Amino acid sequence: PPPVSWGLGPSGALPAGASDTQWLAERVAECEAASPDDRWEPFAARLRDLLELLHGPFALAVWSPRRRALFFGRDKLGRRSLVVARSASGDVCVSSVAANPVDLWSELPVTGLFALDLADLSNPSVRHMPWREAMHFEQPWWWSAASPCPS
């Protein structure tokens, strides 16, 4: 078999020298094309299924203008950092590196794919598409309307 630069579950592996970023971008575009309507759920399910094929660390965010949603997640072991914060005004930030003050940021749970649904700007929401292999999920403090931001 050819040398492997990045593992892809049962579907095979990328040959050494191949761009995993290009491969993943092409697969995400295929997920987008295969989800014909504007609802976030069909695209999230396809994207989750794609991400579950990956063997290796990842953290990513994908903007879908058609759905007005930001999809983000990281590998099940949390080997790549993806942090989130919510400002006092309600803005949600997602980043691979925490900005100052760092104590306002928390690691994103490794329980599945998240979608920041902005289709209705008067009522934005964070949705969760769990990995098919069940993991315990608790609503993070950064989205709960009842939880104040840390000072």
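None of the values given here were measured: they were computed from a predicted structure. (Residues numbered from 1 in each chain as written. Predicted model: local features only at pLDDT ≥ 70, side-chain atom pairs only at ≥ 80, totals over all residues. Heavy atoms only, no water.)

Visitor: Sorry if this is basic, but what is going on with the overall build of the chain here?
Guide: Counting its secondary structure elements, the chain contains two helices and 10 strands. Helices and strands in the chain line up, N terminus first, as β-β-α-α-β-β-β-β-β-β-β-β. For the chain, the proportion of its 151 residues judged to be buried stands at 34%. Taking the intrachain contacts of the chain between residues at least 6 apart in sequence as the baseline, contacts between residues at least 24 apart amount to 50%. For the chain, the exposed area adds up to about 8,400 Å²; of that, 57% sits on carbon and sulfur atoms. (Helix = DSSP H or I, 4+ residues; strand = E, 2+ residues; numbered from the N terminus. Buried < 20%, exposed > 50% of the residue type's maximum accessible area, 1.4 Å probe, protein only. Contact = heavy atoms within 4.5 Å. Areas by Shrake-Rupley, 256 points an atom, 1.4 Å probe, with all protein chains shown as cover.)

Visitor: Help me understand the sheet that holds strand β9 (residues 112-117), please; the structure alone is not making it clear to me.
Guide: In any sheet, the strands associate via hydrogen bonds between backbone groups, in a parallel or an antiparallel arrangement. Taken together, four strands build an open sheet; the order of strands is β4-β5-β9-β10 and the sheet is antiparallel. What marks the edges here is a single partner per strand, and that holds for β4 (59-64) and β10 (125-130). Each strand of the sheet is rotated relative to its neighbour by a mean of 20 degrees, with strand direction disregarded. Pairing between β4 and strand β5 (residues 69-74): six bridges, direction antiparallel. Residue L60 lies in a different strand from β5, and its bridge partner there is G73. (Pairing = 2+ DSSP bridges. Axes fitted to C-alpha atoms, helices over the stretch in contact; angles between N-to-C directions.)

Visitor: When you look at unusual backbone geometry in this model, what are you seeing that I'm missing?
Guide: Leaving glycine out, the prevailing phi sign among residues is negative, and the prevailing peptide bond configuration is trans. Residue P101 is reached from N100 by a cis peptide bond, and omega for that bond is -5 degrees. Notably, R68 is not glycine yet its phi reads approximately 50 degrees, a positive angle. Mapped onto the fold, R68 is located in the loop between β4 and β5. By relative accessible area, R68 is classed as partly exposed at 36%.

Visitor: So what exactly am I meant to see when it comes to the nonpolar core here?
Guide: Across soluble globular proteins, nonpolar side chains show a tendency to be buried alongside one another. Core analysis: the biggest nonpolar cluster contains 20 residues, and L47, L51 and F71 have the highest contact counts within it. Residue assignment for this core shows that the elements contributing at least two residues are α1 (20-33), α2 (40-51), β4, β5 and β9. For this core, the element with the highest residue contribution is α2, accounting for six residues. Sequence-distant contacts of F71, that is, excluding residues within four places in its chain, are made with W40, F43, A44, L47, L60, A61, V62, S64, L113, F114 and A115. Membership of the second largest hydrophobic core comes to seven residues, among which are F72, V84, F114 and V126. (Core = buried A, V, L, I, M, F, W, Y, C linked by side-chain atoms within 4.5 Å.)

Visitor: What's the story with the packing of α1 against α2 in this structure? I'm lost.
Guide: For any two helices packed against each other, one specifies the inter-axial angle together with the distance between the axes. Across the interface, α1 lies against α2 with an axial gap of 9 Å and an inter-helix angle of 150 degrees. As summarised for this structure, α1 and α2 are arranged roughly antiparallel, according to the angle between their axes. Judged by the sense of rotation from one axis to the other, the crossing of α1 with α2 is right-handed. Every residue of α2 that contacts α1 at W23, L24, R27, V28, C31 and E32 is listed here: F43, R46, L47 and L50. (Parallel < 35°, antiparallel > 145°, perpendicular 65-115°, else oblique. Left-handed = near helix turned anticlockwise from the far one by under 90°.)

Visitor: Please explain the side chain of D75 as it appears in this structure.
Guide: Relative to the elements of secondary structure, D75 occurs in the loop between β5 and β6 (83-86). Residue classification places D75 among the buried residues on the basis of a relative accessible area of 2%. Leaving out residues up to four positions away in the same chain, D75 has contacts with G56, P57, F58, R80 and V110.

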